[in-house]
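An overview of the molecular structure
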Amino acid sequence: MSAHIKILRQVLSKYSSPMTLNYPSGVNPDKKYSQIPEGLRGFIERDKEKCIGCRACYMVCSGRATKYFDVGDKRTIQVFHFRCTYCAHCEEGCPEEAIKMTKNFELTVTDRNDPKAYVNTELDMLTCKNCGKVFTPVKLEKRAFERLSDKINPRVKDVVIADFKKGEGYCMDCRRSRGVMMDAHTKKHVWLEVV
Ligand code: SF4
Ligand code: SF4
């Protein structure tokens, strides 16, 4: 057999069986992610329990992949995977450490409305007890109060917390317009600071 025929046979034998694997079913699940380098940034994941709906992730999103919708008494924070640039700004900017970049980068859908293409977190909103306006997520108000309590100067802490409680459940506009009635004017705290 000439050398040429031998080579031709070898080449043809390579094509007698499929050269590719069905994906992803043909890939051993244990090896599927074994080649991923350390530090690779894939899809984001949001911890629904930790998220307070503050929208910091929306404000820093470089790919305009993050949106939010206030509908009725619900706020939805949403990321559309196919607009994400994997910049990790949302992970860095989230004050509650609710966002993590995963190593998962595989996603195939045939319809952009497929729920798999989105990360949605739905939060309950507060309704103002004066004007009835829906104004902020319940968890955000609660967290703001916790942070305030942690950082306030001990000399004025009790007064400030008492004032904060007076405004609880009121939207920002109603807090402002009813501030005098609530006896919660901020100047009072400045005065207390210098005593
Ligand atoms: S808590 Fe984090 S994930 Fe939730 S809205 Fe704020 S920045 Fe986004
Ligand atoms: S990783 Fe970047 S582009 Fe993707 S959702 Fe977060 S901020 Fe937006």
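First, a word on what this report is: a plain description of the structure on this page. Keep in mind that this is a model prediction, so the values were computed, not measured. (Residues numbered from 1 in each chain as written. Chains lettered and ligands numbered in written order. Predicted model: local features only at pLDDT ≥ 70, side-chain atom pairs only at ≥ 80, totals over all residues.)

Things to note about the site of ligand 1
Close to ligand 1 lie 13 residues, the nearest being Cys51, Cys54, Ala56, Cys57 and Cys94. Grouping the amino acids of the shell around ligand 1 by side-chain chemistry returns nine nonpolar, one polar and three charged. (Near = placed C-beta within 6 Å. Nonpolar A, V, L, I, M, F, W, Y, C, P; charged D, E, K, R; others polar.)

Notes on the pairing of strand 6 (residues 134-137)
Relative to strand 6, strand 5 (residues 118-127) runs antiparallel, the two being bridged by three bridges. Following the sheet pairing, Met125 is matched in strand 6 by Pro137. Remark: six residues form the turn of the hairpin made by strand 5 and strand 6, two consecutive strands paired antiparallel; Gly132 in that turn has positive phi of roughly 85 degrees. (Pairing = 2+ DSSP bridges. Helix = DSSP H or I, 4+ residues; strand = E, 2+ residues; numbered from the N terminus.)

Re the site of ligand 2
Around ligand 2 there are 15 residues in total, and Cys61, Gly63, Cys84, Cys87 and Cys90 lie nearest to it. Here the residues of the shell around ligand 2 sort into 10 nonpolar, five polar and no charged.

Some thoughts on the nonpolar core
Among the nonpolar cores identified, the biggest contains 16 residues, and Ile44, Cys57, Val79, Cys90, Cys94 and Ile99 are the most heavily contacted of them. The residues touching Val79, leaving out its near neighbours within four places in the chain, are Ile44, Ala65, Thr66, Cys84, Tyr118 and Val119. (Core = buried A, V, L, I, M, F, W, Y, C linked by C-beta atoms within 7 Å. Buried ≥ 20, exposed ≤ 12 C-beta atoms within 10 Å, placed from the backbone. Contact = placed C-beta atoms within 7 Å.)

Describing unusual backbone geometry
Here the phi dihedral of Arg64 falls at roughly 50 degrees; this positive angle occurs in a residue that is not glycine. The phi dihedral of Ala88 is positive, around 70 degrees, even though this residue is not glycine. Looking at where Ala88 falls in the secondary structure, it is placed in the loop between strand 3 (74-80) and helix 3 (89-93). C-beta crowding within 10 Å serves as the criterion here: with 16 such atoms nearby, Ala88 is assigned to the partly exposed category.

Regarding the environment of Glu45
Among the structural elements, Glu45 can be located in strand 1 (residues 44-46). Judged by local crowding, Glu45 falls into the partly exposed class, with 14 C-beta atoms found within 10 Å. For the pair formed by Glu45 and Glu91, sequence separation is 46 residues and the distance between their alpha carbons is 9.3 Å. For Glu45, the residues in contact, after removing those within four places along its chain, are Lys100 and Thr102.

Some details on the sheet that holds strand 2 (residues 66-71)
Pairing within the open sheet is antiparallel, and its four strands lie in the order 2-3-5-6. The outermost strands of the open sheet, each flanked by one partner alone, are strand 2 and strand 6. Averaged over neighbouring strand pairs, the angle between their axes works out to 30 degrees when direction is ignored. (Axes fitted to C-alpha atoms, helices over the stretch in contact; angles between N-to-C directions.)

Some details on the pairing of strand 3
Side-chain alternation along strand 3 places Arg75, Ile77 and Val79 on a buried face and Lys74, Thr76, Gln78 and Phe80 on a face that remains uncovered. Alignment of strand 2 against strand 3, held across six bridges, turns out to be antiparallel. Counted as the bridge partner of Phe69 is Thr76 from strand 3. Connecting strand 2 to the next strand, strand 3, in antiparallel fashion are two residues, including Gly72 with a positive phi near 60 degrees. As defined by bridge partners, strand 3 adjoins strand 5 across seven bridges and the pair is classed as antiparallel. Considered in strand 5, the bridge of Gln78 is made with Asn120.

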